[in-house]
Amino acid sequence: MSTRRIKKVAVIGSGIMGSGIACHFANIGVNVLLLDIVPRELNATEQAKGLSLTDKTVRNRIVNESLAAALKSKPSPIYHQKFASRITTGNLEDDIAKVKDVDWIIEVVVERLDIKKQVFENLEKHRTPGTLITSNTSGIPIQFMSEGRSEDFQQHFCGTHFFNPARYLKLFEIIPGPQTSPEVLDFLNNYGEQFLGKTAVVAKDTPAFIGNRIGIFSIMSLFHAVKDMELTIEEVDKLTGPVIGRPKSATFRTVDVVGLDTLVHVANGLYDNVPKDERHDLFKLPDFIAKMMDNKWLGSKTQQGFYKKEKDDKGNSQILSLDLDTLEYREKKSANFATLELTKTIDKVVDRFKVLVSGKDKAGDFYRKNFAALFAYVSNRIPEITNDLYKIDDAMKAGFGWEHGPFQIWDAIGVETGIEIMKAEGLKPATWVTDMLTSGSKSFYTVKDGASYYYDIPSKKQVKVPGQDAFIILDNIRKTNEVFKNSGVVIEDLGDGILNCEFQSKMNTIGGDVLAGINKAIDLAEKDFQGLVVGNQGANFSVGANIGMIFMMAVEQEYDELNMAIKYFQDTMMRMRYSSIPTISAPHGMTLGGGCELSMHADKVIAAAETYIGLVEFGVGVIPGGGGSKEMTLRAQDTFKKGDVELNTLQDYFLTIGMAKVSTSAYEAYDLGVLQPGKDIVVVNKDRQIATAKAHAKLMAEAGYTQPIKRNDIKVLGKQALGMFLVGTDSMEASRYISEHDQKIANKLAYVMAGGDLSEPTLVSEQYLLDLEREAFLSLCTERKTLERIQHMLKNGKPLRN
């Protein structure tokens, strides 16, 4: 185990990538020194101020402007704006000597070998021996960069390739140089996973390494296929998006976002540097790409690429699509395929692949052609770019947002079926694949005792994927460790006396079956176990209550049933708070409405850093009805301090609900009062989240967990608060900042958070507030405007303002 500690890093180069990397180190609590070059001439503003090239503000202008632009960009590279104070800026002439005090130097300058070597020569003059020094190059051979440097430099030097944006994309490729010490590689591999929250992949020093080699091949293969198969860009994006577990931006929209010039740069590099690649010609640019480059149709950065946004005759924005035959923009066309219709009832992406490659239409042809090419290519890249097949899958999932890597998709289709598809396309796999089948292994991966194993080519055996011991992979234990299951949840035994309640509903919405499952999990835990985690490893923790169910009950005017359903939700949340075992919520991704309420009622929250959490019920015309309104009232009074104006504190919590605020990271959730300092914690690596939650549940149980006593000491302010809120909403509506219906919702919330129209401040119970909350929620469900909003949300997936 390495004793190396990273307290301060230096990032050399403050462009989009350099500033992004600096921000992510600041995200995890590391001090950062960010350096860039000194300007060679004054700009107009500096001239007007009478500044000279010797002024510090001028000398640090490039680095300061770059960092400021990064901090303003969306999505934000930083978890919380206050974390930016961990970054100190400077320049490569005045401040380069400061690198002697850092633990890791990361070079992120322009992709030119001569410039990088010059930077390394200067850095070595000031670098303390033993300090890590790495390059974020995306393709320059690592072996050339450290030529001429000292032995200590070379032993501590390698490539560390972050993917852009550094905060959001998990891939962290580590590329050893000829002299890199094993200790350095082991440290970076562990640090990337544990501290930076990355999927660390050690790659060989080959052109474009692993992620971009396979990713660019996949995109270039599509570029050539789109014309051959007479597909539109809309059809390709439909076929290569969420239906196969890829990002919504799919192929062409992704290229627009990244920049066509960036893709072309890497593709040209591969064409020049992998002449012996069996698919070398695929890296040659199709004619339409060359024409787009000539026209500077590079995507978002030039306002047009494969898609173009413009105003129509009526001034409304519309998205136009590029016709690849005429190279003219036209209105977007719908893309429909019979094969895709067959997958609409298949929730799990991994179960769709067999259906997709069996399709009898153009979509089926596309998938057979696409996957055949991909399978053949990745099998032939071993051992060229890596010795281990799982690293290719890890790289594509972490770097390109694929839900399943190439070998996992191949397993889902069936290895032998995949070979048959390849043969039909005139392709064949590498010899090791047929050797694997001959050896008795019928798949690339297996699961044993909750752990993933992969086929190791040299030994011809299934070998445990390294680095799993810190994780609990629910997919691997769901069948063997199942304790209870209904249509909404699976309850699994995590071991050591801890249960996990995993949502299984669509988008993990919370309906009757999920609530029944949570209650069952608490029953089981109280009887035979020591603690409960509520967590899953889907794309999102939960998008909230099942509003479709609420809508149907309201439309049918089944108000007694709706009252019972809401009370059941509230009672379940209170069981999370007041059970005899510790309860842990493990939110990640979208954690909205009811998902947020559940987390607020757990004994402890173990939140993934990328948690977007908030009470969003205002958007569908109601107030939080599952305990959220009550809980925010309780938390407001718990933060009342001597000398504070209590009304101001209550107003802050009121506005959090009234403005449907959602955090853009778990750290921002502390500001909203949704997470609580000293109680709830944040984990950067989501893969560690369930294991961390289990550890905390076990620790709380072993420390002697005692069932909490229900609260009846909540101070509500009555008419004093209610009057303030009503005046405020009247003013907002009169100024047309909010609609009449918005005012009605806000007034209902005001009544709950004031504790009703009590004549003076009073201590009340949680149940008192829950009853007010439920009554207000039900009354809003009788409103036509509310039903219109819910219906619009169900149809369009976004709120309607009326």
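See the structure printed just above.
On a predicted model such as this, the values are computed, not experimentally measured, just so you know.

Participant: Could you give an account of the side chain of Arg-61, with specific residues and numbers?
Facilitator: For Arg-61, the location among the structural elements is in helix 4 (residues 61-72). In this structure Arg-61 comes out as buried when scored by relative accessible area, which is 14%. Excluding residues within four positions of it along the chain, Arg-61 makes contact with Pro-39, Glu-41, Leu-42, Asn-43 and Glu-46.

Participant: Give a description of the sheet that holds strand 13 (residues 451-456) that names residues and reports values.
Facilitator: Taken in spatial order, the three strands of this open sheet run 12-13-14, and their pairing is antiparallel. What marks the edges here is a single partner per strand, and that holds for strand 12 (445-448) and strand 14 (461-464). Across the sheet, the axes of successive neighbouring strands diverge by a mean angle of 40°, strand direction being ignored. As judged from the four bridges shared by strand 13 and strand 14, these two strands associate in the antiparallel manner.

Participant: Explain the sheet that holds strand 7 (residues 171-176) to me, and be specific about the residues and the numbers.
Facilitator: Taken together, eight strands build an open sheet; the order of strands is 3-2-1-4-5-6-7-8 and the sheet is mixed. Strands with a single pairing partner mark the edges of an open sheet, and in this sheet they are strand 3 (87-91) and strand 8 (199-202). The mean inter-strand angle of the sheet, taken between neighbouring strand axes irrespective of direction, is 25°. Note that strand 6 (residues 157-162) and strand 7 share five bridges and pair antiparallel. Looking across to strand 7, one finds that Phe-162 is bridged to Phe-172. Sheet strands in contact with helix 1 (residues 16-27) are strand 1 (8-12), strand 2 (31-36), strand 3, strand 4 (104-107) and strand 6, and its direction is about 165° off that of strand 2. Of the strands in this sheet, strand 7 and strand 8 touch helix 17 (residues 389-400), which is tilted by about 140° from strand 8.

Participant: Outline a negative patch on the surface, supporting the account with residue identities and numerical values.
Facilitator: A cluster of acidic side chains, namely Glu-556, Glu-558, Asp-560 and Glu-561, defines a negative patch on the protein surface. Within the element layout of this structure, Glu-556 appears in the loop between helix 23 (547-555) and helix 24 (559-577).

Participant: With reference to specific residues and values, describe the environment of Gly-755.
Facilitator: Within the fold, Gly-755 resides in the loop between helix 31 (740-753) and strand 25 (762-764). C-alpha of Gly-755 to C-alpha of Glu-773: the two residues are 18 residues apart in sequence and 9.6 Å apart in space. Ignoring anything within four residues of it in the chain, the contact list for Gly-755 reads Val-716, Tyr-768, Leu-769 and Leu-772.

Participant: Talk me through the pairing of strand 17 (residues 498-503); I want residue IDs and the actual numbers.
Facilitator: Most of strand 17 sits out of view: six of its six residues are buried. A two-sided burial pattern is seen for strand 17, the buried positions comprising Ile-498, Asn-500 and Glu-502 on one face and Leu-499, Cys-501 and Phe-503 on the other. With six bridges joining them, strand 16 (residues 489-495) and strand 17 adopt antiparallel strand pairing. Of the residues in strand 17, the one forming a bridge with Glu-492 is Asn-500. Taking the residues between adjacent antiparallel strands as the criterion, strand 16 and strand 17 are bridged by two residues, where Asp-496 takes a positive phi near 60°.

Participant: So, the packing of aromatic side chains: which residues are in play, and what are the values?
Facilitator: Under the counting rule described, the total for this entry stands at 33 aromatic pairs. Measuring from ring centre to ring centre gives 5.2 Å for Phe-120 and Phe-157, while their planes differ by 80°; the resulting arrangement is edge-to-face. Here Phe-120, found in helix 5 (residues 113-124), pairs with Phe-157, found in strand 6; they are 37 residues apart in sequence, far enough to count as distant. Taken together, the aromatic side chains of Phe-353, Phe-366, Tyr-367, Phe-371, Phe-375, Phe-407, Trp-410, Trp-432, Phe-444 and Tyr-455 make up a single cluster linked through ring pairs. The ring of Phe-187 is capped by Arg-4, whose NZ or CZ atom sits 5.8 Å from the centre of that ring. One residue, Arg-246, lies across the ring of Trp-402, its end atom 3.4 Å from the ring centre.

Participant: Would you mind going over helix 25 (residues 594-601) in detail, with residue names and values included?
Facilitator: Helix 25 sits mainly inside the fold: eight of its eight residues count as buried. Burial in helix 25 covers these residues: Gly-594, Gly-595, Cys-596, Glu-597, Leu-598, Ser-599, Met-600 and His-601.

Participant: Got a sec to walk through unusual backbone geometry? Specific residues and values, please.
Facilitator: Residue Pro-165 follows Asn-164 across a cis peptide bond; omega there is 0°. With an omega dihedral of 10°, the bond running from Ile-382 to Pro-383 counts as a cis peptide bond. As for its position among the elements, Pro-383 is in the loop between helix 16 (362-380) and helix 17. Positioned with a positive phi, Ala-660 is a non-glycine residue whose angle comes to about 50°. Mapped onto the fold, Ala-660 is located in the loop between helix 27 (646-658) and helix 28 (666-671). Its identity as a non-glycine residue notwithstanding, Arg-736 has a phi of 65°, on the positive side.

Participant: Any chance you could break down the pairing of strand 9 (residues 307-311) for me, citing the residues and the numbers?
Facilitator: When strand 9 meets strand 10 (residues 317-323), the two strands line up antiparallel, connected through five bridges. Among the inter-strand pairings, Lys-311 is bridged to a residue of strand 10, identified as Ser-317.

Participant: Hey, could you go over the nonpolar core for me, with residue numbers and the actual values?
Facilitator: Inside soluble globular proteins, nonpolar side chains tend to come together where they are buried. In terms of nonpolar packing, the biggest core is built from 111 residues, with Phe-223, Phe-306, Tyr-367, Phe-407, Trp-432 and Phe-444 touching the most fellow members. Of all the elements, helix 16 adds the most residues to this core, at eleven residues. Grouped together as the second largest cluster of nonpolar side chains are 92 residues, Val-63, Leu-71, Leu-562 and Val-764 included.

Participant: Now, about the packing of helix 12 (residues 260-273) against helix 13 (residues 287-295): what can you tell me, with residues and values included?
Facilitator: It is the contact of helix 12 with helix 13, at a shortest axis distance of 11 Å, that shows an interaxial angle of 125°. Here helix 12 is positioned oblique relative to helix 13, judged by the angle of their axes. Between helix 12 and helix 13 lies a crossing whose hand is left-handed. Of the residues in helix 13, those in contact with Leu-260, Asp-261 and Val-264 of helix 12 are Ile-289, Met-292 and Met-293.

Participant: An account of the pattern of salt bridges is requested, with residue identities and associated values reported.
Facilitator: Counted under the stated rule, the structure contains 50 salt bridges. The salt bridge partner of Arg-330 is Asp-323, with a shortest N-O separation of 3.9 Å. With respect to burial, Arg-330 and Asp-323 carry one shared label: buried. For Lys-744, the salt bridge identified is with Glu-783, shortest N-O distance 3.5 Å. With a gap of 39 residues between them, Lys-744 in helix 31 and Glu-783 in the loop between helix 32 (766-781) and helix 33 (784-796) connect regions that are remote in the sequence. For Lys-744, a relative accessible area of 35% translates into the label partly exposed. According to the relative accessible area criterion, Glu-783 is partly exposed, its value standing at 23%. Taken together, the shared-partner salt bridges in this structure form one network comprising Arg-213, Asp-277, Glu-278, Arg-381 and Glu-384.

What counts as what
- Counting from 1, residues in each chain are numbered in the order their sequence is written.
- The model is predicted, so local features are restricted to residues of pLDDT at least 70 and side-chain atom pairs to those at 80 or more, both for listing and for counting; the totals for chains, interfaces and linings are taken over all residues.
- Each side-chain value is worked out from all heavy atoms of the structure, with water and hydrogens disregarded.
- By the criteria applied, helices consist of DSSP H or I runs no shorter than four residues and strands consist of E runs no shorter than two, each listed in order from the N terminus.
- The rule is simple: take the accessible area with a 1.4 Å probe, protein chains only, and divide by the maximum for that residue type; under 20% is buried, over 50% is exposed, in between is partly exposed.
- By the convention used here, residues are in contact when the closest approach between their heavy atoms is within 4.5 Å.
- By definition, two strands form a pair when at least two bridges between them are found by DSSP.
- Note on method: axes are straight lines fitted to C-alpha atoms, helices fitted across the in-contact stretch only, with angles between N-to-C directions ranging 0 to 180 degrees.
- For patch building, the residue pool is restricted to those with more than 30% relative accessible area and no salt bridge; the joining distance is 9 Å between like charges and 5 Å between nonpolar side chains (Val, Leu, Ile, Met, Phe, Trp, Tyr).
- A 1.4 Å probe and the Shrake-Rupley method give the accessible areas. Residues count as covered only by the protein chains that appear here.
- Every case where a carboxyl oxygen of Asp or Glu lies within 4 Å of a side-chain nitrogen of Lys or Arg is listed as a salt bridge.
- Neither His nor the chain termini are counted; the positive set is Lys and Arg, and the negative set is Asp and Glu.
- Charge positions come from single atoms, namely NZ of Lys, CZ of Arg, CG of Asp or CD of Glu.
- Any Phe, Tyr or Trp ring, taking Trp's six-membered ring, that has another such ring centre within 6.5 Å forms a pair; planes under 30 degrees apart are called stacked, those over 60 apart edge-to-face, and the others tilted.
- Two thresholds decide whether a charge sits over a ring: the Lys NZ or Arg CZ must be within 6 Å of the ring centre and within 35 degrees of the ring normal.
- Here the nonpolar core consists of buried residues drawn from Ala, Val, Leu, Ile, Met, Phe, Trp, Tyr and Cys, with membership extended through side-chain atoms lying within 4.5 Å.
- In this scheme, roughly parallel covers angles under 35 degrees and roughly antiparallel covers those over 145, while 65 to 115 is roughly perpendicular and the rest are oblique.
- Helix crossings fall into two classes, left-handed where the near helix is turned counterclockwise from the far one by less than a right angle and right-handed where it is turned clockwise.

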